[in-house]
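Remarks on the overall topology
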Amino acid sequence: MTTESLARGPGPQRLIVVGSGIAGLYSALLAAEAGAEVVLLTKGALADSNTYYAQGGISAVLDEPAPGDTVAAHISDTLAAGAGHCNEEAVRVLCTEARLDIAGLGRFGVEFDLDDDGDPALGLEAAHSAPRILHAGGDATGAGVAAALIRAVLDFQAAGKIQVIGHAHVTSLSLGGQQGGRVVGANFLHDGRHLGVHGDSVLLATGGAGQLFAQTTNPSVATADGLALAWRVGAAVADLEFFQFHPTCMVLPAGAREMEGNNDPLLISEAVRGEGAVLVDGRGHRFMSDYHPDAELAPRDVVSRSIALHLAKLGDPNGHVFLDATVIEEQQGSGYLVKRFPTLSKRTRQAGVDWTRELVPVAPAAHYWMGGVVTDLYGRTSVPGLLAAGEVACTGVQGANRLASNSLLEGLVFGRRAVDVFLSGESPDGTAGPLAPALAPRTGDRLASSAAGSGAHATTALSRPPAPLELLEGHPLAHPASSSGFSRHTLRLLMTAKAGVLRDGQLLAEAAEVLGSWEGEVLPLNVPDSFDVREHEDSNLLLAAQLLVHAARERRESLGAHYRSDSVSETAAVDDIDKRYTMSRKVSLVHD
């Protein structure tokens with residue numbers, strides 16, 4: 001493909017932000033506030049992101065914390081949940097700087113819930129040793145934060161400070177510079193055309209890849225786009241074997257699924273168990289204490305795995321258990337659930353369950369990817385000009401298992417840091433230089449396998465000329481895909497069955513074989529010559545699936561969210577259990 005060259009005149013630095021979750025919105029606002037020219041590309045509407053659906057909240061130790069809470073305790077809890085696999089310096093940065101970005105959100109109109117004394121209401125969630133979770137609108141924190149940031153972005157757009165291009169699916173990154181190895185722009189589909197925009201840096205804030213699995217809490221836009229974009233320009237990725245499954249996603253009855261507004265899985269927040277809800281099986285047995293001393297407040301991977309193991313023991317591996325929240329109502333008084341969890345109360349009622357009196361059927365669902373594009377503490381990837389923040393990035397903060405309510409915080413802290421280094425144009429120590437990965441790629445004997453808004457938020461007239469968009473030539477319409485072989489539905493079933501909560505070497509080998517057989521149809525390493533967004537998503541999903549399965553095969557020991565029933569201690573590509581398995585496209589492609 002060729003891009004019509006358009007020269008840029010003198011002016012402020014231009015940052016291209018891809019994604020409109022908390023990391024993308026906050027970073028765009030900070031960069032624009034500092035005087036940078038910002039182009040924000042969002043795949044759907046501005047509200048289409050994992051952030052919007054987040055319920056649990058944002059963890060932070062404030063200037064006036066809960067009694068006994070400290071930054072050191074937050075660090076300790078994060079490291080413990082991460083199963084010894086965290087980057088300790090990244091965790092220190094996250095927990096120490098959290099209060100700065102909570103204040104930053106306030107500047108952009110985010111209002112957190114207050115207690116009866118007018119102080120921030122701090123909640124307790126699983127694996128946190130003290131109440132430190134901030135909420136906005138009870139159980140609709142993500143929506144509350146996103147709505148405020150979106151309003152701020154639209155205000156900046158109206159003032160000519162941010163150019164927002166909605167329904168823009170980024171298909172590839174442009175490389176340029178003296179050696180041709182720097183990311184200098186992004187190409188995207190918009191209104192039936194291939195367009196491109198140049199910039200000084202691109203910040204990926206595209207979220208995760210829940211659509212890899214049959215049951216997920218993620219919206220339909222979570223198709224591993226950012227990971228694929230970075231991989232195809234040679235960026236290092238790491239920790240892809242660690243995918244967190246949220247243990248309590250409501251299993252909707254068939255009739256409820258067909259009702260308007262109930263098509264998406266309903267996550268039952270960690271905060272509900274933090275308030276005292278318990279898990280029971282179909283016989284009414286509270287089983288979590290059989291698997292972990294912290295019972296329902298154990299880390300997420302433990303709870304998800306315990307549910308899966310318990311169902312297997314009962315001979316119903318594809319079944320569900322029940323969340324009993326009636327105990328909260330009994331302890332706190334009538335009406336407490338509706339007041340504390342208004343959205344969940346409404347959604348469960350819509351699904352035909354009165355959770356003040358009835359049990360809620362739940363099962364684990366793909367929720368958050370700890371792995372991603374490797375970055376340093378300032379969001380810099382191994383490719384010059386390419387930054388990443390939020391779920392798409394792998395800072396090392398989340399380790400092998402994310403601590404509840406640390407994900408939104410990570411997007412804030414490291415999104416801000418990425419903007420800081422972009423604005424300075426220098427390394428944090430003051431020396432200019434190329435961007436560097438957090439870790440050098442590690443390889444074993446076997447190397448990587450094959451590899452709120454609407455359309456009205458699209459381009460608006462600005463007070464100065466908008467960033468030039470270029471029509472990409474030479475893109476014929478794609479030929480119809482084969483009716484046999486690959487389908488997204490089949491991919492999701494395969495990944496759930498063979499690379500989900502419970503794994504072993506045989507299952508992963510079978511998954512790798514099937515994924516490899518689809519390469520001829522989907523071409524995961526290439527950018528499809530198509531105007532069909534779904535074809536691009538399918539290519540990204542297949543690539544992400546192959547990378548995840550390969551990483552899971554190489555890590556033969558169970559760790560955190562990566563559980564192998566055949567866990568062994570023999571030497572593998574990951575020699576030390578607490579080391580990262582890092583891959584980049586530069587390695588050869590081998591099918592085992």
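Look above for the structure.
This write-up is about the structure you can find in this document. These figures come from a predicted structure and were not determined experimentally.

Helix and strand counts for the protein come out as 17 helices and 22 strands. With 592 residues in all, the protein has 58% of them scored as buried. Split by element, the accessible area of the protein, about 22,200 Å² in all, is 51% carbon and sulfur.

Now for the pattern of salt bridges. Under the counting rule described, the total for this entry stands at 23 salt bridges. In this structure, the salt-bridge partner of Arg132 is Asp77, at a minimum N-O distance of 2.8 Å. Highlighted residues: Arg132 in the loop between β5 (122-123) and β6 (133-134) and Asp77 in helix α3 (residues 71-81), separated in sequence by 55 residues. Of the two residues examined, Arg132 and Asp77, each falls in the buried class.

Under the defined criterion, the tally for this structure stands at 9 aromatic pairs. Ring plane angle 75 degrees and centroid distance 6.4 Å describe the contact between Phe108 and Phe156, whose orientation is recorded as edge-to-face. Residue Phe108 is found in the loop between α4 (88-107) and β5, and its partner Phe156 is found in helix α5 (residues 141-158); the two are separated by 48 residues along the sequence. Relative accessible area serves as the criterion here: at 8%, Phe108 is assigned to the buried category.

Most of strand β17 (residues 360-369) sits out of view: 10 of its 10 residues are buried. Relative to β17, strand β13 (residues 243-250) is paired through 6 bridges, and the arrangement is antiparallel. Note on β17: the bridge partner recorded for Met250 is Val362. Direction of pairing for strand β16 (residues 321-324) relative to β17: antiparallel, over a ladder of 3 bridges. Across the sheet, residue Phe322 finds its bridge partner in β17, namely Pro361.

A pair of packed helices is characterised by two quantities: the angle between their axes and the separation of those axes. It is the contact of helix α1 (residues 22-33) with α5, at a shortest axis distance of 10 Å, that shows an interaxial angle of 35 degrees. Crossing handedness for the pair α1 and α5: left-handed. In contact with Ile22, Leu25, Tyr26, Leu29, Ala32 and Glu33 of α1, α5 contributes Val145, Ala146, Leu149, Ile150, Ala152, Val153 and Phe156.

On to the pairing of strand β7 (residues 162-165), then. Side chains of β7 alternate between two faces, with Ile162 and Val164 and Gln163 and Ile165 buried alike. Bridge count between strand β3 (residues 37-41) and β7: 4 bridges; the pairing is parallel. Bridge assignment links Leu41 to a residue of β7, and that residue is Ile165.

Turning our attention to the sheet that holds strand β4 (residues 58-59). Strand order in the open sheet formed by 3 strands is β4-β6-β5, and the pairing between neighbours is antiparallel. For this open sheet the edge positions go to β4 and β5, each flanked by a neighbour on one side alone. As defined by bridge partners, β4 adjoins β6 across 2 bridges and the pair is classed as antiparallel. By the bridge assignment for β6, Ile58 is matched with Leu134.

In summary, soluble globular proteins display a tendency toward joint burial of nonpolar side chains. Membership of the largest hydrophobic core comes to 63 residues, with the highest contact counts inside it found for Leu41, Leu212 and Leu386. Tallying contributions element by element places helix α17 (residues 533-554) first for this core, with 10 residues. Apart from the residues within four sequence positions on either side, Leu41 is in contact with Ile16, Val17, Val18, Gly19, Ile165, Ala168, Val170, Ala186, Phe188 and Val197. Counting 60 residues, the second largest nonpolar core, distinct from the first, contains Cys95, Leu105, Ala136 and Phe156.

Below, the discussion takes up the environment of Pro131. Its location among the elements puts Pro131 in the loop between β5 and β6. Along the primary structure Pro131 and Val61 are separated by 70 residues, whereas in three dimensions their C-alpha atoms are 9.0 Å apart. Leave out the neighbours within four places in its chain, and Pro131 touches Ala66, Asp69, Leu122, Gly123 and Leu124.

Let's shift gears to empty space enclosed by the protein. It is a probe the size of a water molecule, rolled over the atoms, that shows where empty space is left. The volume enclosed by the largest cavity comes to roughly 70 Å³. Every residue lining the largest cavity is counted, 14 residues in all, and those nearest its centre are Gly207, Gly208, Leu227, Trp369 and Val392. The leading source of residues in the lining of the largest cavity is helix α6 (residues 225-232), at 3 residues. When grouped by side-chain class, the residues that make up the lining of the largest cavity number 6 nonpolar, 6 polar and 2 charged.

The next subject is the sheet that holds β3. Spatially, the 5 strands line up as an open sheet ordered β7-β3-β2-β11-β19, and their pairing is parallel. In this open sheet, the two edge strands, each paired with only one partner strand, are β7 and β19 (386-388). For this sheet, the mean inter-axis angle between neighbouring strands, taken without regard to orientation, is 20 degrees. Where strand β2 (residues 14-18) lies against strand β11 (residues 201-204), 4 bridges are found, and the strand directions are parallel. Looking at the pairing, Ile16 lines up with Val202 of β11. The sheet contacts of α5 involve β3 and β7, and relative to β7 the element is tilted by about 115 degrees.

Parameters at a glance
- Residues numbered from 1 in each chain as written.
- Predicted model: local features only at pLDDT ≥ 70, side-chain atom pairs only at ≥ 80, totals over all residues.
- Heavy atoms only, no water.
- Helix = DSSP H or I, 4+ residues; strand = E, 2+ residues; numbered from the N terminus.
- Buried < 20%, exposed > 50% of the residue type's maximum accessible area, 1.4 Å probe, protein only.
- Areas by Shrake-Rupley, 256 points an atom, 1.4 Å probe, with all protein chains shown as cover.
- Salt bridge = Lys/Arg side-chain N within 4 Å of Asp/Glu carboxyl O.
- Phe/Tyr/Trp six-rings, centres within 6.5 Å; stacked < 30°, edge-to-face > 60°.
- Pairing = 2+ DSSP bridges.
- Axes fitted to C-alpha atoms, helices over the stretch in contact; angles between N-to-C directions.
- Left-handed = near helix turned anticlockwise from the far one by under 90°.
- Contact = heavy atoms within 4.5 Å.
- Core = buried A, V, L, I, M, F, W, Y, C linked by side-chain atoms within 4.5 Å.
- 1 Å grid on protein atoms, 1.4 Å probe; cavity = no way out; pocket = protein on both sides within 12 Å on 5 of 7 lines; lining within 4 Å.
- Points joined across faces, edges and corners; volume = space filled by probe spheres on them.
- Nonpolar A, V, L, I, M, F, W, Y, C, P; charged D, E, K, R; others polar.

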